[in-house]
Amino acid sequence: MASAKWSYEHKVSNINALSKENDSIDNFKADKYMFGNYGYGKNSVKLLHVSRDGPKHTIKEYEVDTHLRLSTTDDYVDGNNRNIIATDSQKNTIYVLAKKFGIKTPEEFGLLICSHFLYTYRHVEEVEVVIEQYPWERLQVNNRPHNHAFIFDPIATRHATLVQRRNESPKITSGLKNMRVLKTTQSAFTDFIQDGYRTLPDDNDRIFSTIVTANWSYSTTQGVDFDFAWDSVKNFILQKFAGPPDEGIFSPSVQNTLYLSEKLILDSIQQIDRIEMSMPNKHYYTVDLSKFPQSVIDTKENKEVYQPVDKPAGFIYAELLRKNHVSKL
Ligand SMILES: O=c1[nH]c(=O)c2[nH]c(=O)[nH]c2[nH]1
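All values reported here derive from a predicted model rather than from experimental measurement. (Residues numbered from 1 in each chain as written. Predicted model: local features only at pLDDT ≥ 70, side-chain atom pairs only at ≥ 80, totals over all residues. Heavy atoms only, no water.)

## Some remarks on the UniProt feature "binding site: O2" (unreviewed entry) in the chain
According to UniProt, the "binding site: O2" (unreviewed entry) feature falls on Thr87 and Asn281. Spatial dispersion of the annotated residues is evident: they stretch over 195 residues in sequence, and the largest pairwise C-alpha distance comes to 39.8 Å. Inspection of the secondary structure puts threonine 87 in helix H3 (residues 87-101). Using a relative accessible area of 26% as the deciding quantity, one classes threonine 87 as partly exposed. When sequence neighbours within four positions are dropped, the list of residues in contact with threonine 87 reads Tyr40, Gly41 and Lys42. Tracing the backbone shows asparagine 281 in strand E9 (residues 272-286). Residue classification places asparagine 281 among the buried residues on the basis of a relative accessible area of 10%. (UniProt positions renumbered as here; feature names shortened; annotations may be inferred. Helix = DSSP H or I, 4+ residues; strand = E, 2+ residues; numbered from the N terminus. Buried < 20%, exposed > 50% of the residue type's maximum accessible area, 1.4 Å probe, protein only. Contact = heavy atoms within 4.5 Å.)

## Some details on the site of the ligand
Close to the ligand lie Phe189, Leu200, Arg206, Ser253, Val254, Gln255 and Asn281, which account for all nearby residues. Here a nitrogen atom of the ligand and a side-chain polar atom of asparagine 281 are 3.4 Å apart. When the ligand sits alone it has 300 Å² of accessible area, and the protein chains cover 71% of it. Split into classes, the residues belonging to the shell around the ligand amount to three nonpolar, three polar and one charged. (Near = heavy atom within 4 Å. Polar contact = N/O pair within 3.5 Å; in protein donor to acceptor, adjacent residues only side chain to side chain. Areas by Shrake-Rupley, 256 points an atom, 1.4 Å probe, with all protein chains shown as cover. Nonpolar A, V, L, I, M, F, W, Y, C, P; charged D, E, K, R; others polar.)

## Observations concerning H3
The terminal C-alpha atoms of H3, which comprises 15 residues, lie 21 Å apart, in line with the 21 Å expected from a rise of 1.5 Å per residue. When we look at burial in H3, the residues that qualify are Gln90, Thr93, Ile94, Leu97 and Ala98. Projected down its long axis, H3 shows its buried positions confined to an angular sector of 130°, all on one face. Opposite the buried face of H3, at more than 90 degrees from it, the exposed residues are Lys99 and Lys100. Packed against the buried residues of H3 are strand E1 (40-53), strand E2 (56-70) and helix H4 (106-120). One or two positions beyond H3, positive phi appears at glycine 102, with a value near 75°. (Expected span 1.5 Å × (residues − 1). Arc of directions from axis to C-beta.)

Below you can see the structure in the form of structure tokens.
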């Protein structure tokens with residue numbers, strides 16, 4: 001029987017022989033292969049922009065990714081670099097554009113970067129820009145907004161992705177992630193399939209906790225107040241999760257709460273034509289105290305002590321589209 005070492009060496013020498021043969025003919029040029037997705041750029045360019053309006057300052061801190069797809073693949077196929085816009089130059093471009101034009105929102109800054117690359121370099125076919133915003137908020141001191149001091153308030157992370165192809169209008173997707181919420185009542189999960197696989201009892205009053213992710217697309221780039229839209233989406237999701245402060249809002253399932261949030265967003269913001277959300281179910285199970293003798297705990301009822309269970313985790317997601325929506329990506 002051949003040893004494992006022999007068969008490994010045999011395979012390697014076969015592969016080497018094949019690749020030597022293929023070095024002499026380029027199968028790409030021989031029209032046997034084609035590129036799928038390709039491109040290059042700089043990821044996580046960190047940038048703080050301070051806008052100074054007299055004593056009142058405003059800050060934006062971003063991490064920006066730029067990805068370019070050129071009309072030529074000479075750089076990959078021939079090792080010819082003459083068309084490459086170096087990733088280092090892409091990084092510099094972000095700083096120069098921030099200095100020249102300032103920064104208002106991730107969406108508008110991303111659109112500026114897309115048009116800059118498309119109109120500066122004729123051979124750029126597609127630009128993708130991804131921007132994540134750091135959650136700085138103006139500090140309030142004695143209920144008054146501070147002129148130049150800020151506090152990190154990571155309730156949710158805001159981000160945006162802009163994609164623009166030559167001669168096409170840009171596609172804007174905005175998003176929020178890492179928004180963790182929990183409520184202690186007004187959530188139930190009952191009447192689901194009863195069969196031999198079910199052990200979970202009906203629960204008429206459970207803890208509901210999730211980490212919300214939402215991504216939505218705009219049908220237009222014109223006349224959108226991106227800050228207002230982002231705040232509204234966040235508030236609509238919280239409204240459907242929490243409800244009014246005194247009585248809350250009843251949730252029969254994570255699925256229903258997710259759908260009602262998406263529906264409210266499409267009902268309220270006409271420029272949004274698609275939204276996808278995910279709400280993982282962060283389980284908190286009631287600790288079973290019934291096994292303890294009365295000498296230790298005198299009541300079997302427990303609505304105080306819960307066990308958080310990370311894994312496995314329920315994962316609920318859905319995309320809601322306007323019926324006339326045609327995906328542009
Ligand atoms: O809101 C819920 N949806 C489910 O689909 C599900 N499945 C489960 O075990 N618990 C829950 N909760």
